[in-house]
Amino acid sequence: MIVRSLKEISGTERDVEAPTWRSRRFVLASEKVGFSMHETVMYAGTETHMWYANHIEAVYVIEGEGELVNDDTGEKHRLEPGTLYLLDGHEHHTVRPQTDLRTVCVFNPPCTGREVHDENGVYPLITEEA
């Protein structure tokens, strides 16, 4: 059994920050459970373009408001507490938070914690050694 608190992982290598977001990684590939789980806050007034070519991501909004744009179709969706979106088709997408947007994200395959978005918004596929 693994028990971890947000307080415990804040300020460690599991706490990753970029110009438009901060992500604290509770569960990573090293735990060998088949997924990773992160708490991510996207900052108000920013815009983040992403494309998970190598991962499926589910995102559940806990707090805040914003907009999700499917860049492949132009379709827009309102983000608010209680909303979940699933990127099951590797969609190019943009998130535009109107307020700080707090989410819980689950990735498959699991992230190692070393990934950074490349110039296309893609996380590379990094695996843990057996």
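In the block above lies the structure referred to throughout.
To start, this report covers the structure provided alongside it. (Residues numbered from 1 in each chain as written. Predicted model: local features only at pLDDT ≥ 70, side-chain atom pairs only at ≥ 80, totals over all residues. Heavy atoms only, no water.)

1. A few points about the overall build of the protein chain
This is how the line gets drawn: Counting from the N terminus, the helices are DSSP H or I runs at least four residues long and the strands are E runs at least two residues long. Only protein chains enter the area calculation, which uses a 1.4 Å probe; residues under 20% of their type maximum are buried, those over 50% are exposed, and those in between are partly exposed. Here, residues are in contact when the closest pair of their heavy atoms is within 4.5 Å. Calculation of accessible area relied on Shrake-Rupley with a 1.4 Å probe; when residues are assessed, cover is drawn exclusively from the protein chains displayed.
Helix and strand counts for the protein chain stand at 1 helix and 10 strands. Seen in sequence order, the protein chain has helices and strands lined up from the N terminus as α-β-β-β-β-β-β-β-β-β-β. Split into buried and exposed, the 130 residues of the protein chain put 43% on the buried side. The long-range fraction of contacts in the protein chain, counting pairs at least 24 apart against all pairs at least 6 apart in sequence, stands at 60%. Accessible area of the protein chain: about 7100 Å², with a carbon and sulfur share of 54%.

2. Overview of the packing of aromatic side chains
So the rule is basically this: Ring geometry is summarised as follows: Phe, Tyr and Trp rings, the Trp one being its six-membered ring, pair when their centres sit within 6.5 Å, and such pairs are stacked at plane angles under 30 degrees, edge-to-face over 60 and tilted between the two.
Enumeration according to the criterion identifies 1 aromatic pair in this entry. Their ring planes at 85 degrees and their centres at 5.2 Å tell us that Tyr52 and Phe107 sit as a pair that is edge-to-face. Of this pair, Tyr52 sits in the loop between β4 (48–51) and β5 (56–63) while Phe107 is found in strand β10 (residues 101–108), placing the two residues 55 residues apart along the sequence. Taking relative accessible area as the criterion, Tyr52 reaches 4% and is therefore assigned buried.

3. Details of the sheet that holds β10
Basically, it comes down to this: By definition, two strands form a pair when at least two bridges between them are found by DSSP. Between N-to-C directions, angles cover 0 to 180 degrees, with each direction set by a line fitted to C-alpha atoms, over the stretch in contact for helices.
Strand order in the open sheet formed by 6 strands is β1-β2-β3-β10-β5-β8, with antiparallel pairing between adjacent strands. Two strands close off the open sheet at either side, each with one partner strand: β1 (15–18) and β8 (84–87). Ignoring strand direction, the axes of neighbouring strands in this sheet form an average angle of 20 degrees. Bridge analysis of β5 against β8 gives 4 bridges, and the strand direction is antiparallel. Following the sheet pairing, Val59 is matched in β8 by Tyr85.

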